[in-house]
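# Structural overview
Residue strings, one per chain:
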Amino acid sequence: MSGVALAVEVVVVFFLALFLLHRYGDFRKQYRMVLFATLLAWFLCFLIVFIIPLDVSTVSPPARVATRVKGVTCQKPWSYIPDGILPVFWRVVYWTSQFLTWLLIPFMQSYARSGAFSISGKIKTALIENAIYYGTYLLIFCSLLIYVAVTLKLHLTWSGLRTIGITAANTWGLFLLVLLLGYGLVEIPRSYWRASCHGQLLAKTYFKAAKLMTEKVDAEENLEDVMEDVKTVSETIKYNHPLRKCIDTILKKCPVEYQEKLGRNMDDYEDFDDKGNPYPSKKSLVKLHKQVIYAVQRHNRTQVQWQILLDEAFHLEDVAKNETSSTHKFVHSFPSAEPPGWISKYLYTPTVEWYWECVLRRWCYRVLAVVLCAFSAAVVWSECTFFSTQPVLSLFAVFIQLAERDYNYVYIEMACFVTIFFLCYCVYSTVFRIRVFNYYYLAPHHQTDAYSLQFSGMLFCRLTPPLCLNFLGVIHMDSTISHQNRQQTAYTSIMGSMQVLSFIANGFYIYYPMLIVLLCIATYFSLGTRCLNLLGFQQFMGENDLTSDLVDEGRELIRRERRKRQRTEDGESRRREWRERYSEQRERYGGRNRSAYSELKEADGSGTDTGRG
């Protein structure tokens, strides 16, 4: 049964990672190696999160043997994993994820961003960039290692070096983890609460529309400028030039309409003359190729996002209109052209849709926001008190210890899963939400570029190990932090003894998570949003004059797009009516002509027979 539980979790996690990759990536256009590396990174990180509860229940006393304690027969938990499996499993998963995050994914990032025209050129660019980047990292790490070894008089062995490397990676991950967790613990419950307020949600959608229109126009202008450069280079380099293959590669990356324009304007009857005007170098063509890839990706993304945002704005406006409906039936401004399925006919009828959109949704979101807020408060309290073992102040440690006393392993696994799932949701959703200009941005509907996909996979691999260690510390399953004499999980056993660097194990790992209180306070008062607003990056702030101006601008843009779509819908309906009317008339007149022709033919045939007679 234990093997079945492990196998089911592996399959579920794989399809979860595959679903997310399909939502954000593009299977048809992106490199197979990029998709594979991202899928593997997400899969391994999600797998760690799902398997940790099984590891905790496996070492909970007396899970390892069937015993009888205080008159209660304690059987092995149904998900018990035999000895020797989890240590090997964690070792393979951990070191594979570290190989991905520190070597393979950074290499693939440089490979995907390279504008070189050959595989060897892309590999060369990626090797040079990573050699510079990791050479700097290695120099800093070796300097710090020598300083720590001399200062603390450490006798370094291979096992000690491995533990120091793991500790350094986890310290860097914990530093970033607390920042993301402090934001997510406040922002996620608040986002659900705000989603229950249709007026504020609609105003924020108008604000997004104004900002997205600016970005859309900027992307179109950037694409026009890049296409002008492509046109100039294409007209300069003729068909028999040695670099013409590079131009053809660039043209294939351009949108179809631009390819047609460039094809019409190109005169290939002029021969190549190396004594004429100077020609662009291959290095400049590589740079232009990179600019074309970026400009086309950004243009396509803004176009898709604009259409999605329009549908969202129209839906929210429909909700606002239907709230005052006396018929209690939801009416869409632009009904779907596709025939309704059986779900819309029998389950999600217009009446059910009205009660959900206008009544139930807001209350469900508010209840969910309150529950998430309670979870966030429990996490903040536990992060600040998990170092205290006498008395036990961490709420999650109290829950796990109560379950251990009753030998309720199902409850242990469920409590561990809910806790670590909430922590991961706060951290991972922040990774999916944040945007660093156009450098890193996870856009749904297959609009995420290869660099951002791999960057997210790299972040997940660096965040997940310290997240799991922090979780084990919160529930007092890590003896390095709790200082309790109990059997360790297989996951902590592969990390080695953090006491090699005692100032990190007894200092940074314990007291740095307390910073989460300050980060939650800063997020609650929107200090980051206010700072970005002061720096000129417009953020949604209800009491700000610039926000009001952008909301009004967005409202006018949505109104204009609604009129445009309404005219298109009216034109389509009129054409459909004319086609139906003329098809009926054509069938009527066609039938009449066929009957008249047949009567005339019969009369002609009878007259011929009479004449012969």
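Residues numbered from 1 in each chain as written. Predicted model: local features only at pLDDT ≥ 70, side-chain atom pairs only at ≥ 80, totals over all residues. Heavy atoms only, no water.

### As for the nonpolar core
Ranked by internal contacts, the top residues of the largest apolar core, which has 94 residues, are W42, I52, W90, L185, I475 and Y491. Top contributing element to this core by residue count: helix α2 (residues 32-59), with 19 residues. For L185, the residues in contact, after removing those within four places along its chain, are S376, V379, V380, F422, C426, I516 and C520. (Core = buried A, V, L, I, M, F, W, Y, C linked by side-chain atoms within 4.5 Å. Buried < 20%, exposed > 50% of the residue type's maximum accessible area, 1.4 Å probe, protein only. Helix = DSSP H or I, 4+ residues; strand = E, 2+ residues; numbered from the N terminus. Contact = heavy atoms within 4.5 Å.)

### So, the environment of G173
On the secondary structure map, G173 appears in helix α5 (residues 158-195). Apart from the residues lying within four places of it in its own chain, the contact partners of G173 are R462, L463 and P466.

### A few points about the UniProt feature "transmembrane region" (unreviewed entry) in the protein
The UniProt entry lists residues 6-22, 34-54, 92-111, 131-152, 164-186, 363-381 and 410-431 under the feature "transmembrane region" (unreviewed entry), expressed in the numbering used here. Span residues 34-54 is 100% helix and 0% strand, its end C-alpha atoms 31 Å apart. Between the C-alpha atoms that bound residues 92-111 the distance is 26 Å, and the span itself is 100% helix and 0% strand. (UniProt positions renumbered as here; feature names shortened; annotations may be inferred.)

### Notes on the state of the cysteines
All told, the structure shown has 0 disulfides when counted by the stated rule. Free of any disulfide, C424 has its nearest neighbouring cysteine sulfur in C468, separated by 6.3 Å. (Disulfide = S-S within 2.5 Å.)

### Observations regarding the side chain of S394
The residue S394 is located in the loop between α11 (350-385) and α12 (395-405) in this model. Using a relative accessible area of 0% as the deciding quantity, one classes S394 as buried. If we skip the residues at most four places from it in the chain, S394 touches S382, T385, F386, V474 and H476.

### Considering the UniProt feature "coiled-coil region" (unreviewed entry) in the protein
Within this structure's numbering, the places UniProt gives as "coiled-coil region" (unreviewed entry) are residues 209-236. Counting secondary structure, residues 209-236 comes out at 100% helix and 0% strand; the distance between its end C-alpha atoms is 40 Å.

### Structural notes on a nonpolar patch on the surface
A cluster of nonpolar side chains, namely W342, I343, Y346, L347, Y348 and V352, defines an oily patch on the protein surface of about 660 Å² accessible area. It is helix α10 (residues 342-347) that contributes the most residues to the nonpolar patch, 4 residues altogether. Topologically, Y346 is positioned in helix α10. In this structure Y346 comes out as exposed when scored by relative accessible area, which is 63%. (Patch = residues over 30% accessible without salt bridge, like charges linked within 9 Å, V, L, I, M, F, W, Y side chains within 5 Å. Areas by Shrake-Rupley, 256 points an atom, 1.4 Å probe, with all protein chains shown as cover. Salt bridge = Lys/Arg side-chain N within 4 Å of Asp/Glu carboxyl O.)

### A look at the packing of helix α6 (residues 198-236) against helix α7 (residues 244-253)
Put simply, α6 and α7 touch, their axes get as near as 10 Å, and they point 150 degrees apart. In terms of axis orientation, α6 runs roughly antiparallel to α7. Of the two elements, α6 crosses α7, and the hand of that crossing is left-handed. For the pair α6 and α7, contact is made by V230, V233 and S234 and by R244, I247, I250 and L251, respectively. Considering only residue class, the contact of α6 with α7 consists of 5 nonpolar, 1 polar and 1 charged. (Axes fitted to C-alpha atoms, helices over the stretch in contact; angles between N-to-C directions. Parallel < 35°, antiparallel > 145°, perpendicular 65-115°, else oblique. Left-handed = near helix turned anticlockwise from the far one by under 90°. Nonpolar A, V, L, I, M, F, W, Y, C, P; charged D, E, K, R; others polar.)

### Side note on a negative patch on the surface
Judged by side-chain charge, E221, E224, D225, E228, D229 and E235 come together as a negatively charged surface patch. Inspection of the secondary structure puts E235 in helix α6. With a relative accessible area of 35%, E235 lands in the partly exposed category. (Lys, Arg positive; Asp, Glu negative; His and termini not counted. Charge placed at Lys NZ, Arg CZ, Asp CG, Glu CD.)

### Remarks on the packing of aromatic side chains
In this structure the tally under the stated criterion is 27 aromatic pairs. Through a chain of ring-to-ring contacts, three or more aromatic side chains come together here, namely Y24, W42, F46, Y428, F432 and F460. The cationic tip of R366 hangs over the ring face of W363; the distance from NZ or CZ to the ring centre is 5.0 Å. (Phe/Tyr/Trp six-rings, centres within 6.5 Å; stacked < 30°, edge-to-face > 60°. Lys NZ or Arg CZ within 6 Å of the ring centre and 35° of its normal.)

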